[in-house]
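Read off the chains here:
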Amino acid sequence: MKYQDLLQQLFGTKINYSVDDNVLLGEAAFDNQQFSICGIVDATQLDNVMSLKLAKFILDKVKLNPKLNLLIFIDTGGQKTSRQAELLGLNRYFAHLIKVIHYARAKGARVFSLVYGSALGGAFIAAGLNAEKVYALAEAQIAVMWLEAMSRVTKIPLAKLEELSKHSAIFAPGAENFVKLGVVDKIIDPAAFLPQIIKDIEDTAPSINHWRELATIRGGRTLADKIVNQIIDA
Amino acid sequence: MEKLQYNLSSKKNKLSKFGITAGVVNSGNLEILLEKHDKPDEFFIEINTTVPGFAAVWQAVISDFVAKYAVGACKFTINDCGATPAVVSLRLRQLYEAAASDSKTNDYTNSRYLELNARERINALVDDATFTEIMPASNKVVSPHLGQLDLPVEFDDGAIIGKAKIAGKPIYIASQNYAFMGGAVGEVNGAKLSGICLKALKDKVSAMIFLLDSGGVRLHEANAGEIAISELIATIMQLKLASIPVIGVVAGRNGAFGGIGIVSQCLDAIIVTENARTSVSGPEVIETVMGVAEYDSSDRALVWRTCGGRHRSIMGDALYCSKQIGDIRQKLLELLNNPTSFDEKSLLDEYQLLEQRLTDNQNSHDGTDVWAIAGLNNPQQIPDLSDSDFMELLK
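Thresholds applied
Residues numbered from 1 in each chain as written. Chains lettered and ligands numbered in written order. Predicted model: local features only at pLDDT ≥ 70, side-chain atom pairs only at ≥ 80, totals over all residues. Contact = placed C-beta atoms within 7 Å. Helix = DSSP H or I, 4+ residues; strand = E, 2+ residues; numbered from the N terminus. Nonpolar A, V, L, I, M, F, W, Y, C, P; charged D, E, K, R; others polar. Pairing = 2+ DSSP bridges. Axes fitted to C-alpha atoms, helices over the stretch in contact; angles between N-to-C directions. Left-handed = near helix turned anticlockwise from the far one by under 90°. Buried ≥ 20, exposed ≤ 12 C-beta atoms within 10 Å, placed from the backbone.

## Quick look at the interface of chain B and chain A
Then, in step 1: Taken residue by residue, the interface counts 68 residues in chain B and 60 residues in chain A.
Then, in step 2: Listed by contribution, the elements that provide at least two residues to the side of chain B that touches chain A are α4 (187–203), α5 (222–241), α6 (258–266), α7 (283–290), α8 (300–307), α11 (344–360) and α12 (367–373) of chain B.
Then, in step 3: Of all the elements, α5(B) adds the most residues to the side of chain B that touches chain A, at 14 residues.
Then, in step 4: When its residues are assigned to classes, the side of chain B that touches chain A shows 35 nonpolar, 21 polar and 12 charged.

## Remarks on the sheet that holds strand β9 (residues 207–212) of chain B
Residue and element names in this part refer to chain B.
Then, in step 1: On the basis of which strands lie adjacent, the open sheet formed by seven strands has the order β6-β7-β8-β9-β10-β11-β12 and mixed pairing. Edge positions in the sheet fall to β6 (132–134) and β12 (319–320), since each has one partner strand and no second.
Then, in step 2: Bridge count for strand β10 (residues 246–250) against strand β11 (residues 269–272) is four bridges, and the pairing is parallel. Opposite I247, over in β11, you have A269 as the bridge partner.
Then, in step 3: Where helix α10 (residues 325–337) meets the sheet, it contacts β7 (159–166), β8 (169–176), β9, β10, β11 and β12, and its direction lies at approximately 165 degrees from that of β11.

## Side note on the sheet that holds strand β1 (residues 2–9) of chain B
Residues and elements named next belong to chain B.
Then, in step 1: The strand order across the open sheet formed by five strands is β1-β4-β5-β3-β2, and the pairing between neighbours is mixed. Strands at the two margins of the open sheet, each flanked by one partner only, are β1 and β2 (21–23). Ignoring strand direction, the axes of neighbouring strands in this sheet form an average angle of 15 degrees.
Then, in step 2: Where helix α1 (residues 55–68) meets the sheet, it contacts β1 and β4 (42–49), and its direction lies at approximately 30 degrees from that of β1.
Then, in step 3: Contacts from helix α2 (residues 85–100) reach β2 and β3 (29–36), with the element oriented near 35 degrees to β3.

## Digging into the packing of helix α11 (residues 224–232) of chain A against α4(B)
Then, in step 1: For the pair α11(A) and α4(B), interaxial distance at closest approach is 8 Å and the crossing angle is 35 degrees. Two packed elements cross with a definite hand, and for α11(A) against α4(B) that hand is right-handed. On α4(B), the residues that touch A:A224, A:I227, A:V228, A:I231 and A:I232 of α11(A) are B:E187, B:V188, B:A191, B:K192, B:S194, B:G195, B:I196, B:L198, B:K199 and B:K202.
Then, in step 2: For the contact of α11(A) with α4(B), the per-class residue count stands at nine nonpolar, two polar and four charged.

## Concerning helix α3 (residues 118–125) of chain B
Then, in step 1: Of all eight residues making up α3(B), six are buried, and the element is well covered by its neighbours.
Then, in step 2: Check the buried side of α3(B) and you find it contacts β7, β8, β9 and α10 of chain B.

Listed below in structure tokens is the structure:
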């Protein structure tokens, strides 16, 4: 879905935003709640400039009001694959954004993300996956890497990966798989998204996400939670 | 995969250590775990191999081993990844000798960090005989996902975690086994890393230390690996918020790439050596996607100028250190004693540094351009400097 249509559908006229360098920044309102909104548009690869822009926006908003509501809209083709981006330390730019989001959460901000397009690889780690809850539209494309590329890198025949991906949420692309693995809270209709967030805000924010517990319940990852608890008690 | 099992009679062993392993699950290599067996005059061995059809050869190698050593009441379990008979014999002997030795410590003074395995690196850096592994190989918590791809498992899934002391201070530590699946993170491996962080948070230890050596997400369980890395990052953030130092060392063979490259910059600090490399996408990935004109991954000098330890140190993203074990330990101690803060000011300072870097380097296309802008004289010569000359230059 195009971000213009999505935002129109979500907020109607109660929104004010700009898009520069494929970074969306703005303010919106719904049901008497104020939201700071930010995100990545047009499946752009996340680079140094974009990460820094997102981080600065969030940091400034936290300074004004630590208890803000923040929505992160995700449509990214992954991390910027360029020598220049890596030369200047893309990993530090990503880490800066991650730190800012977690700092905001610790200060009392309520942070949610919605995958409305693609969410690939390192860019998802840098942005959307740091929210307290992650939602996805039915059309969302979530993957670490597409199967063709995975086949090239792992040297496992594509046919075998395709066959396994029918039954395995563990490595096959698809938003449904990320639901099963406990990360995406649920697949949601645009019309239901903001009412859901209003409901979420009424609950207490978790300091650590409950993805592993959800993954156990949903059967996507059967060992992760058990292992973590065994180690904590060791 | 093929499973073979043999029972052979042998005199009761006089070994002193059980639950230990030898070798690593890597192409042409194998891992053997030693456990106790309930029959005193019998040796039991189980082999899980990726190369079926060699039962006769296995039997010959094992019979030869049992003829030379008293291994009654021992159980060996092998995860094989195509080791030759010579390698199998060598590993069997190494395991026996390690189990027979009663020394508790090794002297790592003259060891090279790069050449040590994941467990040895921990033992080399922490106070003598203080490392206690949590969820060790003998617990056999292995990946449930590799089997369906006909790939061998490793008993620790490539993540070594536990408690230890540095200069008497209690720390928790995690070390990535670069030799098993490139140190990459999957469901089990990642849960071990998150688990030890959450334990550090609960027990309020003096520091959480990561010996990173990984290409990032294990593609064979890609989604689980990516999620595990995000979960790890969330626990690292909790440690930072609780003012527990989280420190990394990137000085191994694989460096820190992909999600682990991101993790490395989430820590309070990372110590790097000359051979260290770290970024998000590795040179091979960028070359594959963008073409050789963008990034020639076979040009080692270019790779080091783009993501090497010296480059990262000059930019301020890492702390440079010599390859000496003692020096790396000393650097760890300094960081333990000087915790960094995680607050609005530290984030604003970092913002300014990163903003300035972009402004200054609009026309930088090579490490040497960045170093010149950083004010270093003769940037072309920096890769050739000795460690001590380079560290002098950084001052």
